[in-house]
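# Coordinate analysis (summary)
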Amino acid sequence: MALGVLFSPALSTYPVEAQGDTELLEASPQEEQADDKYPLFFMLNYAEVKGKGHTTPGFSTLSADMKNMWTKLSITVVDEEGHVHESDKETVDVFKRPDDDKSAYRYGGDYRDGETLTVIVDHDGLPEGYHISNDRDDDADYAWTAVSGKPYSTFKIKFNRNANVPYLLVRMPLGSMDVKFDPQGGNWSGNTDPILKTVNKDNTVEFPTDPTKDNYSFVGWYSEYPDIDEYREMFEGMSLPKWVESTAKTRRYWNSSQYFSDYNRDWISYNSKNVDPLYDGIFLLRAEWKPLETYQLTFDPAEGHWADGSSEPKVYDVKLGEIFTIPEGTILSGSSFQYWEGSEYYPGDKYTVEGNHTFTAHYSETPIELIVRPIEPASTVVIPLNQPDETSPLPTSQSIAGQMPVDQAKQLPATGSVASGLSFMVSLGLIAWGLLLKK
């Protein structure tokens, strides 16, 4: 491709904002290049190793995957009039030097000095783990700016060519960075380790679920600017920027709707360098916690129940530092209530609220009391000695009463232990019955 030759795109359309409404402007082919138009080139500038900065390598030094990506990545440029230029997908050697290997440049069309251009990169074509970096640089010729509500793969530049150079070079920065979520004493289902999330191709980050912490509510994820002294160290020999006074030691809060890149997160001091070093490929966010204003005391009857018959735990809403009176004990059949466990509190005790707390009823078995009562003496049974008819029923005490001489009946044991007297009576009855059977 010969430099200085205007690229003339086919007729196309591009949406632009017009008085608050979106309309499609028809883009017409550009006229032949005028003398005041100059070419735009994009140069690949990427972080080959996370946390090691960006480089602009020669095309021959790129890996096969990176070469394949760079020669297929869709890059669209739209000028102020809505004309659309699709960047050539072949690389060119801008400098035209035999010994120069910096040939990883892509042509992006010809433009007038001072034009504002919108660049749109298809971030889906980026390698895994990479994103387009926010390349705002106040010293750059092209005044890179982000587009509100868009990932950094859509950005604006000002075509401010150096008067001594017949073209404009614009970096295409591919960054790689992780966001570190530090729960600061909280946890995710017991896991207290920080979580790392890689910035997505569209500059978003998948935030983890909100962590939890006993007696605290989660406020959000924050970074905290360094103090004034640390800024003085960073800007040694220079006057402090105006924004330092207003931001030092203040917090900034982050969420999943915001965009992230290595240039504007890891390369800027949002945190003290003591907790979040610059240029290491990691951007630190910390969890902020707020003590709960209302806490809950729970009294669990365990296997027992309350006096009203209910067996559900009772929950009381209380304030931090409140003096709470421990309620009555609960009931468990066969056991007696001892105290509320957690630690050991008795009904009527005073408890100072320090946070959420659960009390569980503690019982002990009720001992069984043996009550021994004397047994009434058994009635005297007199066995008749005459042989009964085989069909006769067994004699009862009523049918034989008075059949034994009174003096013999008196000889039966009537004193001593109940057990021994009863044993004697049974033995005598069995002997008499056996004699009758032998006759």
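Nothing here was measured: the structure is a model prediction, and the numbers come from that model. (Residues numbered from 1 in each chain as written. Predicted model: local features only at pLDDT ≥ 70, side-chain atom pairs only at ≥ 80, totals over all residues. Heavy atoms only, no water.)

Once that is clear, we can look at the layout of surface pockets. In this model, the largest pocket occupies a volume close to 860 Å³. Lining the largest pocket are 25 residues, with Arg-136, Tyr-263, Asn-264, Trp-267 and Ile-268 positioned closest to its centre. Those elements that place two or more of their residues in the lining of the largest pocket are strand S10 (145-146), helix H2 (228-234), helix H3 (242-247) and helix H4 (262-266). Looking at the lining of the largest pocket residue by residue, the class counts come to 13 nonpolar, 5 polar and 7 charged. (1 Å grid on protein atoms, 1.4 Å probe; cavity = no way out; pocket = protein on both sides within 12 Å on 5 of 7 lines; lining within 4 Å. Points joined across faces, edges and corners; volume = space filled by probe spheres on them. Helix = DSSP H or I, 4+ residues; strand = E, 2+ residues; numbered from the N terminus. Nonpolar A, V, L, I, M, F, W, Y, C, P; charged D, E, K, R; others polar.)

This next bit is on the sheet that holds strand S21 (residues 335-341). A sheet is described by the order of its strands in space; here 5 strands give the open sequence S19-S18-S24-S21-S22, paired in mixed fashion. Where the open sheet ends on each side, the last strands, each with one partner, are strand S19 (314-319) and strand S22 (344-345). One ladder, built from 2 bridges, connects S21 with S22; its direction is antiparallel. Paired with Glu-341 across the two strands is Glu-344, which belongs to S22. (Pairing = 2+ DSSP bridges.)

A few words now on empty space enclosed by the protein. Under the defined criterion, the tally for this structure stands at 1 cavity of 30 Å³ or more. There is about 50 Å³ of room inside the largest cavity. Contributing to the lining of the largest cavity are Ala-47, Gly-51, Lys-52, Gly-53, His-54, Ser-176, Asp-262, Asp-266, Trp-267, Tyr-279 and Gly-281.

In this section: the side chain of Asp-182. Relative to the elements of secondary structure, Asp-182 occurs in strand S13 (residues 178-182). Put simply, Asp-182 is tucked away with no salt bridge, and the nearest opposite charge, on Lys-180, sits 5.6 Å away. Of note is the side chain of Asp-182, whose polar atom sits 3.0 Å from the backbone nitrogen of Gln-184. Non-local contacts of Asp-182, meaning those with residues more than four positions away in its chain, are made with Pro-194, Trp-221, Leu-284, Leu-285, Arg-286 and Ala-287. (Buried < 20%, exposed > 50% of the residue type's maximum accessible area, 1.4 Å probe, protein only. Lys, Arg positive; Asp, Glu negative; His and termini not counted. Salt bridge = Lys/Arg side-chain N within 4 Å of Asp/Glu carboxyl O. Polar contact = N/O pair within 3.5 Å; in protein donor to acceptor, adjacent residues only side chain to side chain. Contact = heavy atoms within 4.5 Å.)

As a further point, take unusual backbone geometry. At the junction of Gly-342 and Ser-343, the peptide bond is cis and its omega measures out at 0° in the coordinates. For Ser-189, which is not a glycine, the phi torsion comes out positive at approximately 50°. The residue Ser-189 is located in the loop between S13 and strand S14 (195-198) in this model. Phi at Ala-302 is positive, roughly 55°, even though this residue is not glycine. Its place among the elements puts Ala-302 in the loop between strand S18 (294-300) and S19. The exposure class assigned to Ala-302 is partly exposed, which follows from its relative accessible area of 40%.

What follows is about the nonpolar core. Counting residues in hydrophobic clusters, the biggest one holds 31 residues, and the most contacted among them are Leu-40, Phe-42, Trp-70, Ile-157, Met-172 and Leu-174. Contributions of two or more residues to this core are made by strand S3 (37-46), helix H1 (64-70), strand S4 (75-78), strand S8 (116-121), strand S11 (154-158) and strand S12 (168-175). Residues in contact with Leu-40, not counting those within four places in the same chain, are Val-77, Arg-106, Tyr-107, Gly-108, Gly-109, Tyr-111, Leu-117, Ile-157, Phe-159, Leu-168 and Val-170. In terms of nonpolar packing, the next biggest core, distinct from the first, is built from 21 residues, Trp-188, Val-205, Tyr-231 and Trp-254 among them. (Core = buried A, V, L, I, M, F, W, Y, C linked by side-chain atoms within 4.5 Å.)

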